[in-house]
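# Breakdown of the fold
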Amino acid sequence: MMGMALLAACEKENPGSPGPSPADVAVVHLSVSGADGASTKLSGLDYELHEEPVDHWAWFFFERSTGSLAAMGTAGRAEKVTKTLRTGVYDVFAIANYPESVDLGAIRTRNRFLALRARLSDNGTGSMLMAAGTADSEGVVLSKERPEAEITLHLKRLVSKITVSGITRRFESPSLGEKQLTLKHIYLTNVYPETLYARDLTKEELPDSQASWYNAMGWHHPGALAEDRETDRFLAERNLDLNLPQNGTAGLNLSFYFYPNPLPFQADSHAPDWNGPRCTRLVLETELDGKTYYYQATLPKDDGQPAISRNTAFLVQCTLTRLGSTDPEQVIPGSLEAVFTAVTGAWEGDYDVNENS
């Protein structure tokens, strides 16, 4: 296995260099939570094939003082790793369900790991990307007084999730309420399809070019990033062709997955031409009398709300009250009432490290 071969190479001592004395080493037992799926489920949500737990994972120990790689390797599912390391302070990271395209051998420093990027399409059916680490903590201290340590890294999925629980049609106009309204598609727009394994991106790291964004200003917009079937499967439910009767509610429970967009609500734009990063939106595409009407909900939906972060999950219940817009980026005030509910609990546990001597 390539990862284990790399591990063996990492553990080699320099020829002729004296090995550490027994007093200068410690034994570390490393495991990741969420590997068995027990901590991956939240009440109130349906779970699809995309959301199975850990299939495989890789681990890294970096010296805190120098940032250099001390040891690395790969493991399967709920496997526990035992390592003997020199005493010192270490940063520990793990990534799970990563694709074969990730070159583990190139990750020789902490900075190289912190710069490691993931695309939305890297997530696989049954194996969502996950990560955990100690970058924001004091690190793992191994000392003569602490010759053995038990470490559990709590994995987080890199994506966030929004589930459309249902759509109610309650048009204020009786004449419009008598007409047939068909839900054609649901999808997310203005999605930046990259993130870092180690953390969410900041707004300063978002590219300005429309060509770097997926579904920028609309479904497969010609000025946006080229369409990709692997990305579409996380962002869209197409060809629903569902009749939405007046004063009726369609129960859907359809889930969509995206990398968090850190752009604050107050920096958003609905200008007719692309002028830089925009907030991600949930779009309902409908048809009435042969014409297409769009309803949109911006994430986050209100000024003052914090940006959505990785590993968070939301339910949204939508109510349509009048005709929507003829442009997916334009808003008809009052046409859509969207009630968001954050699903409480940890989708994959907390992003920290537990240590027991």
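Rules used in this analysis
Residues numbered from 1 in each chain as written. Predicted model: local features only at pLDDT ≥ 70, side-chain atom pairs only at ≥ 80, totals over all residues. Heavy atoms only, no water. Helix = DSSP H or I, 4+ residues; strand = E, 2+ residues; numbered from the N terminus. Buried < 20%, exposed > 50% of the residue type's maximum accessible area, 1.4 Å probe, protein only. Contact = heavy atoms within 4.5 Å. Pairing = 2+ DSSP bridges. Axes fitted to C-alpha atoms, helices over the stretch in contact; angles between N-to-C directions. Salt bridge = Lys/Arg side-chain N within 4 Å of Asp/Glu carboxyl O.

Glancing now at unusual backbone geometry. Within the chain, Asn239 stands out as a residue other than glycine whose phi angle is a positive 55°. Along the polypeptide, Asn239 turns up in the loop between β14 (236-237) and β15 (242-243). Even without a glycine there, the phi angle at Asn247 is positive, about 65°. When you line up the elements, Asn247 lands in the loop between β15 and β16 (248-258).

All right, on to the side chain of Thr182 then. Its place among the elements puts Thr182 in strand β12 (residues 181-189). By relative accessible area, Thr182 is classed as buried at 13%. Other than its neighbours up to four places away in sequence, Thr182 contacts Asp241, Leu242, Glu285, Thr286 and Glu287.

Our focus in this paragraph is the sheet that holds strand β11 (residues 160-169). Read across the sheet, 4 strands follow the order β16-β11-β19-β20 without closing on themselves; strand pairing throughout is mixed. Among the strands making up the open sheet, the edge pair consists of β16 and β20 (336-342). Here the strands of the sheet are splayed against their neighbours by 20° on average, with no regard to which way each runs. Pairing between strand β19 (residues 313-320) and β20: 7 bridges, direction antiparallel. The partner of Phe314 across the bridge, within β20, is Ala342.

Applying the stated criterion across every chain, the model contains 15 salt bridges. A salt bridge links Arg281 to Glu329; its shortest N-O distance comes to 2.7 Å. Placement of the pair is Arg281 in strand β17 (residues 280-288) and Glu329 in the loop between β19 and β20, with a sequence separation of 48 residues. The exposure class assigned to Arg281 is buried, which follows from its relative accessible area of 0%. When its relative accessible area of 1% is taken as the criterion, Glu329 is described as buried. Shared partners join several salt bridges into a network, and the residues in it are Asp268, Arg278, Arg281 and Glu329.

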